[in-house]
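Below, each chain spelled out in residue letters.
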Amino acid sequence: MTPAPASATSASAADDRYARGLAALSLVTGTERPAVLDSVAEIAPDLARFTIEFGYGDVWSQPGLTPRQRQIGTIAALAALGNAAPQLRFHIAGALNVGCTRREIVETFIHATVYAGFPAALNALAAAREVFSARAESESDAAGSEPEPESAAVPATESTPAADRYARGIALLQEVDGPAGPGVVDSLADLAPDLGRFVIEYVFGDVYARTGLDLPTRELASVAMCTALGTAGPQLRVHLRAFLNVGGTREEIVALLTQLAGYAGFPAALNGVTAAREIFAEKDAGPDAAH
Amino acid sequence: MTPAPASATSASAADDRYARGLAALSLVTGTERPAVLDSVAEIAPDLARFTIEFGYGDVWSQPGLTPRQRQIGTIAALAALGNAAPQLRFHIAGALNVGCTRREIVETFIHATVYAGFPAALNALAAAREVFSARAESESDAAGSEPEPESAAVPATESTPAADRYARGIALLQEVDGPAGPGVVDSLADLAPDLGRFVIEYVFGDVYARTGLDLPTRELASVAMCTALGTAGPQLRVHLRAFLNVGGTREEIVALLTQLAGYAGFPAALNGVTAAREIFAEKDAGPDAAH
Amino acid sequence: MTPAPASATSASAADDRYARGLAALSLVTGTERPAVLDSVAEIAPDLARFTIEFGYGDVWSQPGLTPRQRQIGTIAALAALGNAAPQLRFHIAGALNVGCTRREIVETFIHATVYAGFPAALNALAAAREVFSARAESESDAAGSEPEPESAAVPATESTPAADRYARGIALLQEVDGPAGPGVVDSLADLAPDLGRFVIEYVFGDVYARTGLDLPTRELASVAMCTALGTAGPQLRVHLRAFLNVGGTREEIVALLTQLAGYAGFPAALNGVTAAREIFAEKDAGPDAAH
């Protein structure tokens with residue numbers, strides 16, 4: 001049973017929100033009548049309704065981000081939080097349902113090693129493996145229902161010579177962060193030079209250099225993870241700038257932060273807006289104020 | 001086997017703490033001889049003892065909060081942290097044992113959507129469903145042992161017209177946050193107006209407007225969640241003010257923050273006290289210094 | 001199948017990193033050919049490779065910390081994060097494999113009650129119990145393979161009179177934090193005196209007073225937990241100072257923070273370096289600049 005709107009007397013506004021939410025949720029679940037909230041509705045029917053009306057009717061249905069961007073942002077945030085495995089699996093399936101590829105999902109989690117650590121990334125990948133396997137089985141039951149006969153395995157990375165990791169990393173760091181990028185790493189030279197080197201070699205030379213996720217989507221994932229964690233204030237600011245540098249828009253940032261209110265809570269979203277306001281003002285005041 | 005105090009030579013102070021802790025723990029478990037720490041005691045007897053002496057003998061037994069307030073604060077914090085499912089289930093059962101209703105527990109988790117996001121709230125609700133089901137079974141085994149023949153299902157919300165969500169939200173925002181409340185939302189108007197609208201419509205119009213949890217208890221849960229997360233500094237300050245606005249006391253705040261040392265760690269509690277000191281000083285200096 | 005380096009054309013630098021990483025990983029797993037990443041390699045071969053090359057070849061193999069220090073720091077961080085149970089179990093086993101004792105592991109988790117709360121500590125202890133039990137079984141299958149016929153049970157604490165908790169706590173607080181230590185607690189006297197008392201009696205009188213983990217290792221665990229949580233800025237600074245006070249070195253701090261990039265993410269590590277830079281500058285400028 002899908003929960004019905006609470007009140008038969010409620011105005012059409014509520015019906016609209018519920019109907020719009022259900023339509024959005026159907027896109028994510030890939031089914032006409034999503035059953036995912038039925039067990040919630042048994043004990044907290046209003047929470048099931050809020051999830052549909054607010055989460056999908058108000059937020060997910062907003063313009064500003066494509067469904068694929070929303071799902072990448074959501075799985076990035078849930079991977080970083082690391083404490084909501086059922087929802088992570090649900091939204092990995094949702095990402096596939098709105099057109100993300102397995103490769104993009106796996107790349108998002110490889111990207112998560114940087115922001116949330118290897119354990120969080122490995123656990124998210126384990127969730128992806130479960131979802132991919134379940135899907136492979138249901139596909140073999142109903143052959144032809146999946147337009148993308150994609151292998152679960154991601155091709156090994158481009159055989160870029162290992163000796164180039166540092167040079168490749170520096171180039172990408174400048175592309176992503178602008179002229180200020182290497183400065184961040186230079187500031188580590190006195191105290192933790194190896195950590196600075198790892199930022200260049202691993203974060204940029206290994207991870208950012210990968211294909212499979214374009215730079216704007218990488219930065220969208222970075223912003224989503226730093227916002228959800230709530231503990232990465234300086235890095236959130238770096239990546240808000242970087243997202244704009246590689247072609248992202250302010251509208252996408254605001255839509256992403258609003259989306260994250262539902263997944264990481266309103267405080268995380270509101271603190272993200274505070275950071276965004278600073279970066280937007282800095283851009284307006286700076287040499288590239290014409291942005 | 002319940003762990004015994006470590007040393008036969010310890011002074012009566014330790015015996016008192018242990019006995020007082022065991023009595024408090026018995027209230028939470030609803031059993032005379034709680035067995036919950038037996039498996040801990042097998043490998044770390046001192047940790048079992050510390051849990052009883054410090055967690056229950058020192059902290060839980062303090063004045064300043066009622067047992068129901070303690071349990072609501074604890075389940076709110078554990079729901080927000082999202083990484084301690086066994087303890088969350090234990091303290092949901094404990095909340096029932098000290099007199100909280102199922103409705104209050106469910107409402108606390110609906111409230112958690114705001115501070116920790118929907119995934120954390122849905123997972124806490126799943127934990128509540130398990131505890132309620134287990135209790136329903138043991139009740140049918142021992143009929144009459146439960147004074148509250150309460151349905152697990154929460155009644156659907158009052159059929160307030162959906163069209164009133166904004167107006168209802170604004171009114172509640174002013175009641176809770178005082179005249180400064182709408183200012184917080186106004187500050188989002190330039191950058192993320194939809195997020196500001198969602199704060200009014202969803203947070204206050206939908207969630208705070210619900211019955212089933214009185215406003216002081218809602219704000220106690222808000223303070224517990226923001227303190228435990230440790231990432232919501234501005235919001236913690238807003239809700240410390242709000243808790244005092246709706247009738248909470250400074251003594252309750254201090255007792256709650258002290259309780260949270262055991263559930264979210266001393267750093268979270270100490271950072272909460274720093275925030276509380278600021279808000280108390282602001283109140284002392286402000287127009288309502290007579291509080 | 002252990003994942004092979006991605007490219008046959010890659011320079012010997014990559015081969016070195018991979019070989020060095022595999023050797024380090026073998027120390028942690030206690031096996032010649034670690035299979036732990038095989039399931040990762042099925043779907044994300046590059047992530048398996050990065051884990052070995054970066055996590056073990058670059059970071060774990062660095063000088064600056066002993067293998068035992070690395071494993072204590074890692075299990076402390078994972079216990080505090082509380083959201084990576086498979087990795088916590090893996091690194092508990094790894095801690096045993098590099099020579100940490102069961103007692104040290106259990107003490108690290110008792111220590112975690114202070115920084116991450118009792119639920120996180122109890123769940124980490126449950127993970128330890130699983131690892132210890134599995135090891136006990138495999139030992140009985142292959143008798144004599146374990147040089148340390150250690151009981152899983154930790155001896156009950158030294159029978160220090162309970163009446164001395166406060167005095168013992170104050171003395172340890174001064175030893176660890178220097179003359180400034182009691183000042184931190186004094187600052188709570190006006191507002192939350194019981195919380196201040198608990199810091200002295202429980203944190204220092206009960207936990208820090210325990211044998212089984214020497215003070216530098218305790219402070220290493222404190223720094224690891226505060227860094228990984230990312231929400232304990234003031235406390236991270238207190239414990240960076242304390243680690244230096246009890247004999248830790250700046251080199252160890254930098255190596256630990258670098259190690260944590262892999263477990264809690266680069267933002268956590270970079271924010272840790274910012275805090276370390278402050279404390280090192282303070283030491284250089286202060287009366288004990290000769291440190």
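Residues numbered from 1 in each chain as written. Chains lettered and ligands numbered in written order. Predicted model: local features only at pLDDT ≥ 70, side-chain atom pairs only at ≥ 80, totals over all residues. Heavy atoms only, no water.

A closer look at the overall build of chain A
- Counting secondary structure elements, chain A contains 14 helices and zero strands.
- In chain A, the succession of helices and strands from N to C terminus is α-α-α-α-α-α-α-α-α-α-α-α-α-α.
- For chain A, the residues scored as buried account for 59% of the 291 residues in total.
- Taking the intrachain contacts of chain A between residues at least 6 apart in sequence as the baseline, contacts between residues at least 24 apart amount to 73%. (Helix = DSSP H or I, 4+ residues; strand = E, 2+ residues; numbered from the N terminus. Buried < 20%, exposed > 50% of the residue type's maximum accessible area, 1.4 Å probe, protein only. Contact = heavy atoms within 4.5 Å.)

What to know about the nonpolar core
- The biggest cluster of nonpolar side chains holds 307 residues, and the ones touching the most others in it are Phe-266 of chain A, Phe-266 of chain B together with Phe-266 of chain C.
- If sequence neighbours within four positions are ignored, Phe-266 of chain B has contacts with Phe-54 and Ala-261 of chain B together with Val-114, Leu-195, Phe-198, Val-199, Tyr-202 and Val-203 of chain C. (Core = buried A, V, L, I, M, F, W, Y, C linked by side-chain atoms within 4.5 Å.)

A few points about the interface of chain C and chain A
- Taken residue by residue, the interface counts 46 residues in chain C and 44 residues in chain A.
- A buried area of about 3900 Å², summed over both sides, lies between chain C and chain A, and 67% of it is on carbon and sulfur atoms.
- Counting the surface chain C buries against chain A, the share from its top three residues, Ile-43, Phe-50 and Phe-266 of chain C, is 18%.
- At the surface where chain C touches chain A, the tally comes to three salt bridges.
- Looking at the side of chain C that touches chain A, the elements with two or more residues in it are helix 1 (12-29), helix 2 (38-43), helix 3 (45-60), helix 5 (85-97), helix 13 (250-264) and helix 14 (266-285) of chain C.
- Its residues assigned to classes, the side of chain C that touches chain A comprises 26 nonpolar, 14 polar and six charged. (Buried area = accessible area lost by both parts, 1.4 Å probe. Salt bridge = Lys/Arg side-chain N within 4 Å of Asp/Glu carboxyl O. Nonpolar A, V, L, I, M, F, W, Y, C, P; charged D, E, K, R; others polar.)

Topic: the relation of the copies chain A and chain B
- Aligned on chain B, chain A shows an RMSD of 0.0 Å; the corresponding rotation is 120 degrees and the shift along the axis is 0.0 Å. Considering both components of the superposition, the chain copies are consistent with a three-fold axis.
- Comparing interface residues between copies, only 2% of those in chain A also lie at the interface in chain B; the contact surfaces differ. (Least-squares fit on C-alpha atoms with pLDDT ≥ 70 in both.)

Regarding the layout of surface pockets
- Volume-wise, the largest pocket comes out at about 980 Å³.
- If you trace the largest pocket, you find 45 residues lining it, with Gly-82 and Asn-83 of chain A, Gly-82 of chain B together with Gly-82 and Asn-83 of chain C closest to the centre.
- The computed volume of the second largest pocket comes to approximately 810 Å³.
- When residues in the lining of the second largest pocket are grouped by element, the largest group, five residues, is from helix 14 (residues 266-285) of chain B.
- Across the lining of the second largest pocket, the residue classes break down as 16 nonpolar, 21 polar and three charged. (1 Å grid on protein atoms, 1.4 Å probe; cavity = no way out; pocket = protein on both sides within 12 Å on 5 of 7 lines; lining within 4 Å. Points joined across faces, edges and corners; volume = space filled by probe spheres on them.)

Here we look at the side chain of Ser-26 of chain A
- By secondary structure assignment, the location of Ser-26 of chain A is in helix 1 (residues 12-29).
- Setting aside its immediate chain neighbours within four residues, Ser-26 of chain A contacts Thr-31, Glu-32 and Pro-34 of chain A.

Considerations on the interface of chain A and chain B
- Taken residue by residue, the interface counts 46 residues in chain A and 45 residues in chain B.
- When chain A packs against chain B, the two sides together hide about 3800 Å² of surface, and 68% of this comes from carbon and sulfur.
- Across the contact surface, chain A and chain B share three salt bridges.
- For the interface between chain A and chain B, the tally reads 11 residue pairs in polar contact (both at pLDDT 80 or more).
- Residue classes in the side of chain A that touches chain B are distributed as 26 nonpolar, 14 polar and six charged. (Polar contact = N/O pair within 3.5 Å; in protein donor to acceptor, adjacent residues only side chain to side chain.)

Observations concerning the relation of the copies chain C and chain A
- The two copies are related by a screw motion: chain C maps onto chain A through a turn of 120 degrees and a shift of 0.0 Å along the axis, at an RMSD of 0.0 Å.
- Interface residue correspondence from chain C to chain A reaches only 2%, placing this contact among heterologous pairings that use different surfaces.

Looking at the pattern of salt bridges
All names here are of chain A.
- The tally for this structure, following the rule as stated, stands at 57 salt bridges over all chains.
- Arg-20 is the salt-bridge partner of Asp-58, the closest N and O atoms lying 3.8 Å from each other. Here Arg-20 lies in helix 1 and Asp-58 lies in helix 3 (residues 45-60), a separation of 38 residues in the sequence.
- With a relative accessible area of 8%, Asp-58 lands in the buried category.
- Residue Arg-20 is classed as partly exposed on the basis of its relative accessible area of 38%.
- Residue Glu-104 is joined to Arg-68 by a salt bridge in which the shortest nitrogen-to-oxygen separation is 2.7 Å. Of the two residues, Glu-104 sits in helix 6 (residues 102-116) while Arg-68 sits in helix 4 (residues 67-81), which places them 36 residues apart along the sequence.
- Note on Glu-104: relative accessible area 16%, which makes it buried.

Some thoughts on the packing of aromatic side chains
- Counted according to the given criterion, the structure contains 27 aromatic pairs over all chains.
- Ring centres 6.3 Å apart and planes at 15 degrees place the aromatic pair Phe-266 of chain A and Tyr-202 of chain B in the stacked group. Taken together, the positions of Phe-266 of chain A in helix 14 (residues 266-285) and Tyr-202 of chain B in helix 10 (residues 193-208) put the pair across two chains.
- Taking relative accessible area as the criterion, Tyr-202 of chain B reaches 0% and is therefore assigned buried.
- On the basis of an interplanar angle of 35 degrees and a centroid distance of 5.8 Å, the ring pair of Phe-118 of chain C and Tyr-202 of chain C is categorised as tilted. Taken together, the residues span a long stretch of sequence, with Phe-118 of chain C in helix 7 (residues 118-141) and Tyr-202 of chain C in helix 10 (residues 193-208) at a distance of 84 residues.
- Members of the aromatic cluster, each reached through a chain of ring pairs, are Phe-50, Phe-54 and Phe-266 of chain A together with Phe-118, Phe-198 and Tyr-202 of chain B.
- Over the ring of Phe-132 of chain A we find Arg-102 of chain A; its NZ or CZ atom is 5.0 Å from the centre of that ring. (Phe/Tyr/Trp six-rings, centres within 6.5 Å; stacked < 30°, edge-to-face > 60°. Lys NZ or Arg CZ within 6 Å of the ring centre and 35° of its normal.)

Thoughts on the packing of helix 12 (residues 233-245) of chain B against helix 13 (residues 250-264) of chain B
Residue and element names in this part refer to chain B.
- Axis separation between helix 12 and helix 13 bottoms out at 9 Å; the angle between their running directions is 135 degrees. In terms of their interaxial angle, helix 12 and helix 13 are classed as oblique. Along the contact surface, helix 12 presents Leu-240, Phe-243 and Leu-244, while helix 13 presents Arg-250, Glu-252 and Ile-253.
- A breakdown of the residues in the contact of helix 12 with helix 13 according to their chemical character gives four nonpolar, no polar and two charged. (Axes fitted to C-alpha atoms, helices over the stretch in contact; angles between N-to-C directions. Parallel < 35°, antiparallel > 145°, perpendicular 65-115°, else oblique.)

As for helix 13 (residues 250-264) of chain A
All names here are of chain A.
- Between its first and last C-alpha, helix 13 extends 20 Å over 15 residues, near the 21 Å set by a 1.5 Å rise per residue.
- The element helix 13 is largely enclosed, with a buried count of 14 among its 15 residues.
- Gly-265 sits one or two positions beyond helix 13 and adopts a positive phi of about 95 degrees. (Expected span 1.5 Å × (residues − 1).)

Looking at helix 11 (residues 215-229) of chain C
- Taking 1.5 Å per residue as the helical rise, helix 11 of chain C with its 15 residues ought to reach 21 Å, and the 21 Å between its terminal C-alpha atoms agrees with that figure.
- Burial analysis of helix 11 of chain C places 13 of its 15 residues in the buried class, which makes it a mostly covered element.

Concerning the environment of Phe-54 of chain A
- In this fold, Phe-54 of chain A is placed in helix 3.
- Of the residues examined, Phe-54 of chain A reaches a relative accessible area of 0% and is grouped as buried.
- Excluding anything up to four places from it in sequence, Phe-54 of chain A contacts Arg-17, Arg-49, Val-59 and Phe-266 of chain A together with Phe-118, Phe-198 and Tyr-202 of chain B.

Quick notes on the confidence of the model for chain A
- When pLDDT is averaged along chain A, the result is 86, and 86% of the positions lie at 70 or above.
- Across residues 144-149 of chain A, confidence stays below pLDDT 50; counting only partners more than four residues off in sequence or on other chains, it has six contacts. (pLDDT = per-residue confidence, 0-100.)

What about the environment of Leu-188 of chain C?
- With respect to the element layout, Leu-188 of chain C can be found in the loop between helix 9 (181-186) and helix 10.
- Residue Leu-188 of chain C is classed as buried on the basis of its relative accessible area, which comes to 5%.
- With residues near it in sequence (within four places) discarded, Leu-188 of chain C still touches Leu-270, Val-273 and Arg-277 of chain B together with Pro-193, Leu-195 and Gly-196 of chain C.

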